[in-house]
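# Per-entry structural report
One-letter residues, chain by chain:
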Amino acid sequence: MADTAADLADLLAGARHAIVLTGAGVSTESGIPDFRSAGGLWEEYDPMEVASMRTFLQEPERFWRFHRPRIDMLAAVEPNAAHRAIAELQRTGVVRELITQNIDRLHARAGSGDAIEVHGSLDRGVCLRCDHRVSIDELCALADDAEDGVPRCANCRFQMKSGVILFGEMLPEDAINAAYVAAGAADVMLVIGSSLLVAPVSGLPGIVVGNGGRLAILTESETPWDDRCTVRLHGRAGEVMTETLELLSGR
Ligand code: NAD
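Residues numbered from 1 in each chain as written. Predicted model: local features only at pLDDT ≥ 70, side-chain atom pairs only at ≥ 80, totals over all residues. Heavy atoms only, no water.

### Re the packing of aromatic side chains
- Within the structure shown, the criterion is met by 2 aromatic pairs.
- Seen in terms of ring centroids, Phe 56 and Phe 63 are 5.2 Å apart; in terms of plane orientation they differ by 70°. Their pairing is edge-to-face. The residues Phe 56 and Phe 63 share a single accessibility class, namely buried.
- With a centroid separation of 5.8 Å and an interplanar angle of 75°, the aromatic rings of Phe 63 and Trp 64 are classed as edge-to-face.
- Take Phe 63: its relative accessible area is 3%, and that puts it in the buried class.
- The structure contains a cluster of three or more aromatic residues connected by ring pairs, namely Phe 56, Phe 63 and Trp 64.
- Positioned over the ring face of Trp 225 is Arg 228, at 4.2 Å from the centre of the ring. (Phe/Tyr/Trp six-rings, centres within 6.5 Å; stacked < 30°, edge-to-face > 60°. Buried < 20%, exposed > 50% of the residue type's maximum accessible area, 1.4 Å probe, protein only. Lys NZ or Arg CZ within 6 Å of the ring centre and 35° of its normal.)

### A word on the environment of Ile 165
- With respect to the secondary-structure elements, Ile 165 resides in the loop between strand S6 (161-164) and helix H8 (173-185).
- Between the C-alpha atom of Ile 165 and that of Ser 52, which follows or precedes it by 113 residues, the distance is 8.7 Å.
- With residues up to four places along the chain from it excluded, the contact list for Ile 165 reads His 119, Gly 120, Met 170, Leu 171 and Pro 172. (Helix = DSSP H or I, 4+ residues; strand = E, 2+ residues; numbered from the N terminus. Contact = heavy atoms within 4.5 Å.)

### Considering the side chain of Thr 100
- Position of Thr 100 relative to the elements: it lies in strand S2 (residues 98-100).
- Note on Thr 100: relative accessible area 1%, which makes it buried.
- Of the polar contacts made by the side chain of Thr 100, one reaches the side chain of Thr 22; its length is 2.7 Å.
- Once residues within four sequence positions are removed from consideration, Thr 100 is found in contact with Thr 22, His 107, Ala 115, Ile 116, Glu 117, Val 118 and His 119. (Polar contact = N/O pair within 3.5 Å; in protein donor to acceptor, adjacent residues only side chain to side chain.)

Have a look at this one:
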């Protein structure tokens, strides 16, 4: 199986419609731990528990004690070389749509303002009861001003949440539809930093391959799609994407 940055550059250069799908692994080099690699925040916390609708609804104070510092942590990190290379590949037309499972906004900050965010993002605050919306800064100010640390809706006083989709919450329909439309149009999909274990994104490679398209995977650990891809890289996302971009720019 092809396994070098040159192989990836060849695949992308020959694509009619290339798309990129990213997961938590594209942001680890920015200092944000993923769910599955060893030694991360998530070894201490069970994300299915603390980032769930159940905790948000039944224990809003505990929910916000965990989430409020995380918003500051995510605002303090910077996009890395992989985010920047992907944005450049989009800018030069090599890559069309970017689909991400990440909620950290690092793609947008690197220049991919139109990333399809299938798990929502930290770009806003929202009231699930009356749909009142505020900016993420206003949401943080509401939390910081509240005695119990829980931001409440100015209209109906229900506890507010950010735009990040919680476990047990419906995924944003528009983003999921856009992701499926992009996968349906693509003849090449490059997956970066995703274990491809989380639905519905785990089904997207099957759409591309089912249409006769080709798959490239750049993810350190194994994925269920490894034996069906054309190019398989196990390197670090930042390094490999920088090399791939350089190879494509030099053509
Ligand atoms: P995952 O944790 O299941 O998989 C990440 C993969 O990336 C792993 O296979 C790991 O080996 C690989 N990886 C880690 N660092 C890498 C690097 N530098 N280069 C290449 N590969 C690297 O992540 P997932 O597939 O995105 O699914 C888990 C869920 O976690 C998603 O729902 C996502 O929304 C959420 N999540 C998001 C963030 C974020 O926004 N940054 C962080 C943690 C979790």
